[in-house]
Amino acid sequence: MDIKTKRKLKGSIALILSTFAAFMGLFWLVFIIFDVLRHGITALNLELFLEDPAPPGIPEGGLRNAFVGQLLITSVATLIGVPLGVLGGTFIAEYARGTRFAQLISILSDIMVSVPSIVVGTFIYAIMVKPFGHFSGWAGAAALAFIMIPVVLRTTEDMLKLVPWTLREAAFALGASYFRVIKDVVYRAAATGILTGIILAIARVAGETAPLLFTSFNNSYFTLNMNEPIASLTVTIFNYAMGPYEDWHEKAWAAAFIITVVILLVTIITRSIIHWRYKT
Amino acid sequence: MKKLSKLPLADLIFGIISFSAAFTILTLILSTIVVLYNESSLAIHRFGLLNFIFTVDWDPVREVFGAAASLYGTLITTILALMIAIPVSIGIAIFLTEISPHILRTPIGIAIEMLAAIPSIIYGMWGLFTLAPIMAEYVEPALQKMFGNIPVINKLFEGTPMGVDLLTASIILSIMITPFIASISRDAFNLTPDIVKESAYALGATKWEVIKDIVIPYSKLGVYGGIVLALGRALGETMAVAFVLGNKHQITPSLLDAAATITVTLANEFTEADSDIYLSSLFYLALILFLMSFTILAIAKFFLLKAEKHYRR
């Protein structure tokens, strides 16, 4: 074999392997989603949303407590995390733009986005569960907010930086204060981006389990009291899937189905909005 | 910068509020370290650092705690996951930038990124109910048959294939981190200037030679950043491995054996810790994990920033 064919052959093999790798990635995605759909759809029914869990081992009841608990915890986390994240992002992208402080906060936030979420759980446990002697919905919400702040802060910063500087100068030239420029010009120009970033952040924390394990814990009863342990879909999935009953496994699949479908739909829609709005 | 007193009142108030919001990030990081250190001080005094790290025992009854088994599990699963994920992800990135027809690039890219959006608990549950039985029934016996007679290597595949073991956990972890490495590598590959690639083609290089000798060296900083980022992620992943690792504190050469990672230990035992020293040791584990992943993620960020500067030139 001469050197030319050898090089060509080597090239084709490498390219075929790369293509194979890409299809392997797709294969896992399809495999996982298909599996969740297959098991989830058969386990779906109306009682799942309307009834609370039956005593262990009895194949009745639903997960109403977990759905409501998940909504409560996520909403409170959003109410804490979003304002802090957006304001922090505004500070480093506007008032402190280009300073070392802004750079530091931006880098630290990027790191915090990937820090193990279970560590956040242990931290909140130490400051919000141990002193009061009981698990609570508030603690769960605080843990999720902790995870949310850096995510929202970084997206806000990125989105504000996409607003052309000349737009601000035009407003300054009209005599507006920086606060008015931010409120009436910059925020308006970046609204779609910031909003989609917030939605992505909510979708991300909605799927978190580890930080809730020892903050909001779990509760097999329906409650709206954030001072008590509160059930969430993700922790319920963990307990049910590890549990011994066939019926629990089915309910875990149903809950997994709902979480996956909601999160994937939200992610696809918001990503397409960003794609279409910013043509990136 | 104008003097503070010259600023309009609205700016002053809004500036202070938004500054405090930005400052929360620093507060959160520092208080995490201080609180975790405080909570683990009991265990730090009792066991010290090196002794804790190198003690294999994890015995709540005798109140002897060591991190060695958990650290071992964390390292093995992470390394194995990276060994599987790195070639696959780079293959994906090559496919997306150089091979795939243009219309397919965006949809396949989005599909791969979807893998990153699936919550980790779904991976864990799918691993327990779908992957673990497949591993136990087909893959692991086949591996034993293949390597069973080769000395040394057969130690890796000893024991009864149960599916709940280091190998299954590593595979799930590798699926989870693939999209991170793939999308960062793809973005880095895309930044290679066309003119450099075209010069290589003009010299008669094949497509693979262009990728191997031009694109990959040019974008290596970005790829390193992606790999280290994935490493940091894999170290701290909890739910994806909690289902399929078995939480058994032991150091075993066999990949077909149950084990524990720091995260799995925390997830399983935190609410069950019944003595102060037990809880304190768990906090100690959390502190070690936090410092480890923080350092690694900082290194990843360093690579990515350097890459960014490199491409801007």
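The written sequence of each chain sets the order in which its residues are numbered from 1. Labels follow written order: the first chain is A, the first ligand is 1, and so on. In keeping with the model being predicted, local features are shown solely for residues with a pLDDT of at least 70 and side-chain atom pairs are shown and tallied solely at 80 or more, while totals for entire chains, interfaces and linings include all residues. As a rule here, side-chain values come from all non-hydrogen atoms in the structure, and water together with hydrogens is ignored.

Undergrad: So what's going on with the packing of aromatic side chains? Which residues, and what values?
TA: Each aromatic pair joins two rings of Phe, Tyr and Trp (for Trp, the six-membered one) with centres within 6.5 Å, and gets the label stacked for planes under 30 degrees apart, edge-to-face for over 60, and tilted for any other angle. Scanning the model with the defined rule gives 38 aromatic pairs over all chains in all. Arranged with centres 5.4 Å apart and planes meeting at 35°, the rings of A:F101 and B:F19 form a pair that is tilted. Highlighted residues: A:F101 in helix α4 (residues 100-114) and B:F19 in helix α1 (residues 9-47), drawn from two different chains. For A:F101, a relative accessible area of 23% translates into the label partly exposed. Exposure classes here rest on a 1.4 Å probe applied to the protein chains alone. A residue is buried below 20% of its type maximum, exposed above 50%, and partly exposed in between. Residue B:F19 is classed as partly exposed on the basis of its relative accessible area of 35%. Ring centres 4.5 Å apart and planes at 5° place the aromatic pair A:Y240 and A:W248 in the stacked group. Judged on exposure class, the residue A:Y240 and its partner A:W248 are both buried. The way it works is that DSSP assigns letters per residue, a run of H or I at least four long becomes a helix, a run of E at least two long becomes a strand, and they are numbered from the N terminus.

Undergrad: Go over the pattern of salt bridges, please, and point to the residues and values.
TA: For side chains bearing opposite charge, pairing can occur when the charged atoms are close. Throughout this description, the term salt bridge denotes a Lys or Arg side-chain nitrogen within 4 Å of a carboxyl oxygen of Asp or Glu. All chains considered together, the criterion is met by 23 salt bridges over all chains. Notably, a salt bridge pairs A:R168 with A:E94, separated by 2.7 Å at the nearest N-O pair. Here A:R168 is found in helix α7 (residues 165-173), whereas its partner A:E94 is found in helix α3 (residues 64-95), with 74 residues between them in sequence. The exposure classification of A:R168 matches that of A:E94, with both residues buried. For B:D57, the salt bridge identified is with B:R62, shortest N-O distance 3.8 Å. For B:R62, a relative accessible area of 52% puts it in the exposed group. Among the ionic contacts, a cluster of salt bridges with common partners joins A:D110, A:R154, A:E157, A:D158, A:K161 and B:K301.

Undergrad: Now, about the packing of α3(A) against α1(B): what can you tell me, with residues and values included?
TA: Helices that pack against each other are described as a pair by the angle of their axes relative to one another and the distance between those axes. With their axes 7 Å apart at the nearest point, α3(A) and α1(B) run at an angle of 110° to one another. As far as their axial angle goes, α1(B) and α3(A) are roughly perpendicular. Of the two possible hands of crossing, α3(A) and α1(B) adopt the one that is left-handed. Residue-level inspection shows A:L84, A:L87, A:G88, A:T90, A:F91, A:I92 and A:Y95 of α3(A) in contact with α1(B), the latter providing B:D11, B:F14, B:G15, B:I17, B:S18, B:F19, B:A21, B:A22 and B:T24. Each residue is assigned to one of three groups, with Ala, Val, Leu, Ile, Met, Phe, Trp, Tyr, Cys and Pro labelled nonpolar, Asp, Glu, Lys and Arg labelled charged, and all others, Gly among them, labelled polar. The residue makeup of the contact of α3(A) with α1(B), split by class, is 10 nonpolar, five polar and one charged. Only the stretch in contact is used when a helix axis is fitted, and all axes are lines through C-alpha atoms; the angle between N-to-C directions ranges over 0 to 180 degrees. Each angle is binned into one of four classes, with values under 35 degrees roughly parallel, values over 145 roughly antiparallel, values of 65 to 115 roughly perpendicular, and all other values oblique. By definition, turning the near helix anticlockwise from the far helix through less than a right angle yields a left-handed crossing, and turning it clockwise yields a right-handed one. Contacts are residue-level and defined by heavy atoms, with any inter-residue pair within 4.5 Å sufficient.

Undergrad: Quick rundown of the interface of chain B and chain A? Include the residues and the values.
TA: For an interface, size is often stated in terms of accessible area lost upon the parts coming together. Contacts between chain B and chain A engage 78 residues on the former and 81 residues on the latter. A quick way to say it: buried area is the sum, across both parts, of accessible area lost when two parts are put together, with a 1.4 Å probe. When chain B packs against chain A, close to 7000 Å² is buried across both sides, 83% of that on carbon and sulfur atoms. Interface area lost by chain B to chain A is led by B:F14, B:I25 and B:W126, which between them contribute 9%. There are four salt bridges connecting chain B and chain A. A salt bridge links B:K301 to A:D110, with the shortest nitrogen-to-oxygen separation between them at 2.5 Å. Each polar contact in these results corresponds to two N or O atoms within 3.5 Å; when the atoms are within protein, one needs to be able to donate a hydrogen and the other to accept it, and residues that are neighboring in sequence are counted only if both atoms are side-chain atoms. If you look at where chain B meets chain A, you find 10 residue pairs in polar contact (both at pLDDT 80 or more).

Undergrad: Can you break down a nonpolar patch on the surface residue by residue, with the values?
TA: Only residues whose relative accessible area exceeds 30% and that form no salt bridge enter a patch; like-charged residues are grouped when within 9 Å of one another, and nonpolar side chains (Val, Leu, Ile, Met, Phe, Trp, Tyr) when within 5 Å. Reported accessibility uses the Shrake-Rupley method at a 1.4 Å probe radius. Residues are deemed covered only where the shown protein chains occlude them. Together, A:L44, A:L46, A:F49 and A:L50 line one region of the surface with nonpolar side chains, adding up to about 380 Å² of accessible area. Along the chain, A:L44 falls in the loop between α1 (3-43) and α2 (47-50).

Undergrad: With reference to specific residues and values, describe the confidence of the model for chain B.
TA: The pLDDT value expresses, per residue, how confident the predictor is, ranging between 0 and 100. When pLDDT is averaged along chain B, the result is 90, and 98% of the positions lie at 70 or above. Listed scores for the predicted complex are pTM 0.92 and ipTM 0.92.

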